[in-house]
Amino acid sequence: EKVYGSGMSDGKSRRGECVKPRPFAKLVSKTQFRALAFIAFMAVCIIITSQLMGFYRQQVKIQHEGSADGDSFWREEVLEEPRIVVLHKLVSASEAEELRLLGVSKGMNRQRAAPAVTFVDGNANEPARKRTHQASTLERGETALVERIEQRLANLTQTTPAHGEPFQILHYRAGHDDYFRQHRDYIKPDDHQALAHAGNRIISVFLYLQTPAKGGETFFNEISHKMHVDPGDAILVWNVKKNGQNEPLSAHSALPATEGDKWVAVKWIRAKPFTQPLLPLSTTTPPKQKESPVRC
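Cut-off values and rules
- Residues numbered from 1 in each chain as written.
- Predicted model: local features only at pLDDT ≥ 70, side-chain atom pairs only at ≥ 80, totals over all residues.
- Heavy atoms only, no water.
- Helix = DSSP H or I, 4+ residues; strand = E, 2+ residues; numbered from the N terminus.
- Buried < 20%, exposed > 50% of the residue type's maximum accessible area, 1.4 Å probe, protein only.
- Contact = heavy atoms within 4.5 Å.
- Areas by Shrake-Rupley, 256 points an atom, 1.4 Å probe, with all protein chains shown as cover.
- Polar contact = N/O pair within 3.5 Å; in protein donor to acceptor, adjacent residues only side chain to side chain.
- Salt bridge = Lys/Arg side-chain N within 4 Å of Asp/Glu carboxyl O.
- Core = buried A, V, L, I, M, F, W, Y, C linked by side-chain atoms within 4.5 Å.
- Lys, Arg positive; Asp, Glu negative; His and termini not counted.
- pLDDT = per-residue confidence, 0-100.
- Expected span 1.5 Å × (residues − 1).
- Arc of directions from axis to C-beta.

**Student:** Looking at this structure, how should I read the overall build of the protein?
**Tutor:** Broken down by element type, the protein carries five helices and 16 strands. In the protein, buried positions account for 42% of the 296 residues. Intrachain contacts of the protein at a sequence separation of at least 6 include 75% that bridge at least 24 residues. Taken as a whole, the protein presents about 17,200 Å² of accessible surface, with 54% of it coming from carbon and sulfur.

If you want it as structure tokens, here you go:
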């Protein structure tokens, strides 16, 4: 008895016999198969080459955006939790000294008003006893050097210079027991006004301009980890986790310099462009104000 219909689509022949599907290799000739295999191989090679070239271009870009002697610039991944990265030779010795002198020219004063709220353990306007050092504030893009360094940091963190708060130049004097006690730079979730202004402080940048011979380390208290880098190097600390939550392990302090002074340029990189100053740090508690709707 004959079976009518094509039958081939359901695995049966016209005589009702079952047949096995033919392998792909048997559906095309050997020449066609080799051509397809060659095309697939070349496509994989092109993808890999493209990725390698992109990585190479990124390294060259980073190298040229480093210090004046950019060929010595390199990045070191120190820790994953909290994420800590050291940008070695981000600025040259001459650039570091120029930035330090710029801070001196602005007037070093321990109680100088900062361009934004300084958060100590997540709280604004803490008394000055939390820290004892001299400080001055630079304007964003104040000089060509400041603008170049801010652009380097923006490129390396995949942000823009507008995301960064202005540089603060800090001076820890040897023999004066200058320090900065344990604190965290992120903003607490309930500080709606600060978060609405420019988002969280996602990265803290500590650019060392002058390193003491002894002491002056950046100490990460929660993980008991000290860091001592060379002048021109920058320590980057991620204050938030990958999921956007605050990173409590980012707690850090500045230990006293015991031999030689310590100079460091500090910058906080925000989640959104930082467009205007917040309430400056004060040694006295500001008067309470009526609550108002959160505004950007």
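Now that the structure is up, let's keep going.
**Student:** Help me understand the environment of T160 in this model?
**Tutor:** With respect to the helices and strands, the residue T160 is situated in the loop between α4 (144–157) and β7 (168–172). Of the polar contacts made by the side chain of T160, one reaches the side chain of H163; its length is 2.7 Å.

**Student:** Could you clarify how one ought to interpret the pattern of salt bridges in this entry?
**Tutor:** When their charged atoms lie close together, side chains carrying opposite charge are able to pair. Enumeration according to the criterion identifies ten salt bridges in this entry. The closest approach of N and O atoms between R201 and E165, which form a salt bridge, is 2.9 Å. Here R201 is found in strand β9 (residues 201–210), whereas its partner E165 is found in the loop between α4 and β7, with 36 residues between them in sequence. One exposure class covers both R201 and E165, and it is buried. A salt bridge links R270 to E165; its shortest N-O distance comes to 2.6 Å. Taken together, the residues R270 in strand β16 (residues 262–270) and E165 in the loop between α4 and β7 connect sequence positions 105 residues apart. On the basis of relative accessible area, E165 is assigned to the buried category, the value being 1%. It is possible to trace a salt-bridge network through shared partners that takes in E95, R148 and R152.

**Student:** Is there a simple way to explain the nonpolar core in this structure?
**Tutor:** What tends to happen in soluble globular proteins is that the nonpolar side chains get buried as a cluster. Ranked by size, the top nonpolar core spans 27 residues in total, and within it L87, L90, L99, I149, L207, L209 and L236 carry the most contacts. Those elements that place two or more of their residues in this core are β2 (83–88), α3 (93–106), α4, β9, β13 (234–238) and β16. Broken down by element, the residue count for this core peaks at five residues, all from α4. Beyond its immediate stretch of four places on either side in the chain, I149 contacts V91, L99, F167 and L207. Among the nonpolar cores identified, the runner-up in size contains 17 residues, and I84, L170, F180 and V237 belong to it.

**Student:** Explain the side chain of N200 to me, please; I cannot follow it from the model alone.
**Tutor:** Secondary-structure assignment places N200 in the loop between α5 (192–198) and β9. At a separation of 2.8 Å, a polar atom in the side chain of N200 contacts the side chain of N246. In this structure N200 touches Y186, I187, L195, V240, N246, I269, R270 and A271, once residues within four positions along its chain are discounted.

**Student:** How do you make sense of the side chain of E247 when you look at a structure like this?
**Tutor:** Turning to its location among the elements, E247 is positioned in the loop between β13 and β14 (252–254). Here E247 is buried and forms no salt bridge, its nearest opposite-charge partner K241 lying at an N-O distance of 4.7 Å. Ignoring sequence-local partners within four residues, the contact set of E247 consists of P82, Y186, W238, N239, V240 and K241.

**Student:** Sorry, what's going on with the confidence of the model for the protein here?
**Tutor:** Do not read the fine detail of predicted coordinates wherever pLDDT is low. Summary statistics for the protein give a mean pLDDT of 77 and a share of 68% for residues scoring 70 or more. By mean pLDDT, the top-scoring element of the protein is β13 (97), and the lowest-scoring one is strand β3 (residues 119–120) (39). Across residues 55–65 the pLDDT falls below 50, and counting only partners more than four positions away or on other chains, this stretch makes nine contacts in the model. Low pLDDT, under 50, characterises residues 111–129; the predicted model gives this stretch 72 contacts beyond four residues in sequence or across chains.

**Student:** Sorry if this is basic, but what is going on with α3 here?
**Tutor:** The end-to-end C-alpha separation of α3 is 20 Å, in line with the 20 Å expected for 14 residues at 1.5 Å each. Taken residue by residue, α3 has E95, A96, L99, R100, L102 and G103 as its buried positions. For α3, the arc enclosing every buried residue in end-on projection is 155°, short of the 170-degree limit, so these residues lie on one face. Opposite the buried face of α3, at more than 90 degrees from it, the exposed residues are A93, S94 and S105. As for α3, its buried residues are in contact with β6 (134–137), α4, β7, β9 and β16. Among the residues trailing α3, G107 stands out with phi positive, at a value near 95°.

**Student:** When you look at α4 in this model, what are you seeing that I'm missing?
**Tutor:** Structurally, the α-helix is built with 3.6 residues per turn, so residues lying three or four positions apart point the same way. Given a rise of 1.5 Å per residue, 14 residues ought to cover 20 Å, and the 20 Å separating the end C-alpha atoms of α4 matches this to within 8%. Among the 14 residues of α4, ten are classified as buried, and the element is accordingly described as predominantly covered. When α4 is considered as a whole, its buried residues turn out to be L145, V146, I149, E150, R152, L153, A154, N155, L156 and T157. Following α4 by one or two positions, Q158 has its phi on the positive side, about 55°.

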